[in-house]
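One letter stands for each residue in the lines below.
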Amino acid sequence: MSREEISSSAPGFGARARSLMSSGKPRAFASLGIVLGLGAIGTLAAWSDSATATSGVFSTGSIDLEVAGEQGNPDAYAFAAFSTAGMYPGDRVSAALPVTNTGSVPFTFTIEAVSSNSDMAPYMNTLLEDGEPNSDSGNRCSGNRIGSETRLVKNGSVELLDEPITVAPGETQNVCFQTRLVTDTPPSVEGESLDVSFNFHATTA
């Protein structure tokens, strides 16, 4: 084969590579690669994370007041121990009543005395203590006073406690009721009778 035939044949891979390297095309490819790289970086998403916290159970508490182990609602508790017949001026009677918190939250309670329409009411001097009745001391309550001496009101109501009393769940507050027909009771009250309702009101402490 002659030299002219060899030189006229298609150039080999090495010749083509040298031709490309000596031209501007590799620089164009390099520039294109830089542009593509910047575009990829600009579209990357930021890393992120998240978390969730779930609460525990919320529930409501309950208020439940009992007197002498009974609800007293809707039917009133029969406080029969706190009664007497044939009273005379200066005569006194007393009786204790336990107040228990059978609910799940502390409460405070007050006591309201509601009297019937009797002329005897304004002459009944009533007070509360935290002890027990003592027959040896003239039917007085033996304890600390939790209410001032208060005259009942004919066909009306009065508060008997000096301030609300707080009772924790499961605990009991003893209340001793004492009432006395005052010494200046007039003869016009002879033969009268009186009914009194003691209303206990409990609210959250």
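Here, every reference points to the structure presented above.
To start, this report covers the structure provided alongside it. It should be emphasised that the depicted structure is a prediction, and the values quoted were computed from it without experimental measurement. (Residues numbered from 1 in each chain as written. Predicted model: local features only at pLDDT ≥ 70, side-chain atom pairs only at ≥ 80, totals over all residues. Heavy atoms only, no water.)

1. Brief notes about the nonpolar core
Part 1: Formed by 31 residues in total, the largest nonpolar core has its most connected members in Phe109, Ile111, Phe177, Phe198 and Phe200.
Part 2: For this core, the secondary structure elements donating two or more residues are β1 (65-67), β2 (92-101), β3 (107-115), β4 (124-129), β9 (165-167), β10 (172-181) and β11 (196-204).
Part 3: In contact with Phe198, not counting residues within four places along its chain, are Phe79, Phe82, Ile111, Glu112, Ala113, Leu160 and Phe177. (Core = buried A, V, L, I, M, F, W, Y, C linked by side-chain atoms within 4.5 Å. Buried < 20%, exposed > 50% of the residue type's maximum accessible area, 1.4 Å probe, protein only. Helix = DSSP H or I, 4+ residues; strand = E, 2+ residues; numbered from the N terminus. Contact = heavy atoms within 4.5 Å.)

2. Examining the sheet that holds β2
Part 1: Read across the open sheet, the five strands follow the order β1-β2-β10-β4-β7; overall the sheet is antiparallel. Where the open sheet ends on each side, the last strands, each with one partner, are β1 and β7 (150-151). (Pairing = 2+ DSSP bridges.)

3. Here's the deal with the packing of aromatic side chains
Part 1: Here the structure, examined in full by the defined rule, presents eight aromatic pairs.
Part 2: Ring centres of Phe79 and Phe177 lie 5.4 Å apart, and the angle between their planes is 70°; this geometry places the pair in the edge-to-face category. Of this pair, Phe79 sits in the loop between β1 and β2 while Phe177 sits in strand β10, and the two are 98 residues apart along the sequence. The pair Phe79 / Phe177 is uniform in exposure class, with both members buried.
Part 3: Note on Phe107 and Phe109: the rings are 6.5 Å apart at their centroids and 75° apart in plane angle, and the pair reads as edge-to-face. (Phe/Tyr/Trp six-rings, centres within 6.5 Å; stacked < 30°, edge-to-face > 60°.)

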